[in-house]
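# Fold and geometry: a report
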Amino acid sequence: MLKKTLVFSFLLLLIAGFTSCSSDEVDVDELRQAENLIVGLNMTRMMAADAGEGGNKSPQMLAPPFGWTGPFTFDLPEGDDSLYYQFAWKFPLDSMGITIDSLLYLIMFTPDIWDPQYQDSIPTGMDAWLIGETRALIYFHNIVTIPDTAHVLGSLKWNWEETWYAYDFDVSTLTEWAEIDIATSSNIGLSAQFRFDDDGAGSTDDNWAAWHNTTFVRYEFFADPDANGYDGYYTLLSEAWKVRHYFVLVDD
């Protein structure tokens, strides 16, 4: 699972590079907050994988924890108006410490394990939002589905009004297999694709990043480190794909 986790570090570097190159088109403060998205995605993926591997445990939870209310129907910027449990808190947003919005954390499991009817069920999905009550175009939206014990799939979107980053992933809980797709709003223009085999290998044909539909970097991931200890290499369009830049993935 190491290689799949650290792929997002590559994307963070790419975003940082384009921040400095295209500051006239993209709000730097918004891009800086993308770091939180990448960290959150890694944490969510690992938690989901743990749930998939430990699916024989019952939640043993008969009602929402203290502070949670619902379920309620919400008018959200994506998808249908499904039922969610809510945890809300107010926080200051201006320099005077005056609260001008409430932050809503919305969550619903599939099945609804907080409903006594499903109290002995094992969750196979989660839909969660972190969203402003009045500033509803600033949000995180995370969907995780565990169709079986072999893999976890889902998506995560960070949205700041007209600027957004979206990740779709399908990762194995048993091997290194994974499919990861990354997209951004048109004012960012970045996209990426990562495909890993069961042993963690990935070819330059399937692992790349593009800017406004022009592929500018390709990655090769090795199943095992080579004789020099490298985990793979990347090539660049700016170098006509002729130079291999070898790298080592660092285990946190």
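Quick look at the structure, then. Here the residue numbering is sequential within each chain, running from 1 through the sequence in written order. Local features in a predicted model are, by the rule used here, given only for residues with pLDDT of at least 70; side-chain atom pairs are given and counted only at 80 or more, and totals for whole chains, interfaces and linings are based on all residues. Calculated side-chain values reflect all of the structure's heavy atoms, with hydrogen atoms and water omitted.

## Thoughts on the overall build of the protein chain
- In this text, helices come from DSSP runs of H or I with a minimum length of four residues, and strands from runs of E with a minimum of two, each type numbered from the N-terminal end. The secondary structure content of the protein chain amounts to 3 helices and 13 strands.
- For every residue, the accessible area (1.4 Å probe, protein chains only) is compared with the maximum for its type, and the residue is labelled buried under 20%, exposed over 50%, or partly exposed between those bounds. Across the 252 residues of the protein chain, 42% fall into the buried class.

## Things to note about the pattern of salt bridges
- By definition, a salt bridge exists where a carboxyl oxygen of Asp or Glu is found within 4 Å of a side-chain nitrogen of Lys or Arg. Scanning the entire structure with this criterion turns up 2 salt bridges.
- For K157, the salt bridge is made with E78, and the minimal N-O distance between the two is 3.0 Å. With a gap of 79 residues between them, K157 in strand β6 (residues 151–160) and E78 in the loop between β1 (69–73) and β2 (83–92) connect regions that are remote in the sequence.
- A salt bridge links R195 to D181; its shortest N-O distance comes to 3.1 Å. Remark: D181 occurs in strand β8 (residues 178–184) and R195 occurs in strand β9 (residues 190–196); sequence separation between them is 14 residues.

## Observations concerning unusual backbone geometry
- Between G70 and the following residue, P71, the backbone shows a cis peptide bond with an omega angle of 10°.
- Relative to the helices and strands, P71 resides in strand β1.
- The linkage connecting T110 with the following residue, P111, adopts the cis geometry, with an omega of -10°.
- Locating P111 in the fold gives a position in the loop between β3 (99–110) and β4 (125–132).
- A positive phi angle, close to 55°, is found at A240, a residue other than glycine.
- In this structure, A240 sits in the loop between β12 (232–236) and β13 (245–247).
- In this model, W241 sits at a positive phi of 60°, which is unusual for a non-glycine residue.
- By relative accessible area, which is 24% here, W241 ends up partly exposed.

## Examining the nonpolar core
- Definition of nonpolar core: a set of buried residues of the types Ala, Val, Leu, Ile, Met, Phe, Trp, Tyr and Cys, connected through side-chain atoms within 4.5 Å. Residues V152, I182, F194, Y219 and F221 are the most contacted members of the largest nonpolar core, which totals 25 residues.
- For this core, the secondary structure elements donating two or more residues are β5 (138–145), β6, β7 (163–172), β8, β9 and β11 (214–221).
- Counting residues in each nonpolar core, the second largest holds 16 residues, with Y85, I107, F109 and W129 among its members.

## Digging into the packing of aromatic side chains
- Put simply, two rings from Phe, Tyr or Trp (the six-membered ring, in Trp's case) pair if the centres are within 6.5 Å, and we call them stacked under 30 degrees between planes, edge-to-face over 60, tilted for the rest. Evaluation of the coordinates by the stated rule reveals 17 aromatic pairs.
- Connected via pairs of aromatic rings, a cluster forms that spans W68, Y85, F87, Y105, F109 and W114.
- One Lys or Arg, K157, reaches over the ring of W164 and ends 4.8 Å from the middle of that ring.
- When the ring centre of W241 is taken as origin, the NZ or CZ atom of R218, which lies over that ring, is 4.0 Å away. Two conditions define a charge sitting above a ring: the NZ of Lys or the CZ of Arg must be within 6 Å of the ring centre, and it must be within 35 degrees of the ring normal.

## A closer look at a nonpolar patch on the surface
- Together, Y230, Y246 and V248 give the surface a local cluster of nonpolar side chains, amounting to about 260 Å² of exposed area.
- Here V248 lies in the segment after β13. Patch building starts from residues that exceed 30% relative accessible area and form no salt bridge, then joins like charges within 9 Å and nonpolar side chains (Val, Leu, Ile, Met, Phe, Trp, Tyr) within 5 Å. Residue-level accessible areas treat just the shown protein chains as cover; the underlying method is Shrake-Rupley with a 1.4 Å probe.

## Here's the deal with the environment of G70
- Secondary-structure assignment places G70 in strand β1.
- For G70, a relative accessible area of 35% translates into the label partly exposed.
- G70 sits 15 residues away from Y85 along the chain, and the two C-alpha atoms are 4.7 Å apart.

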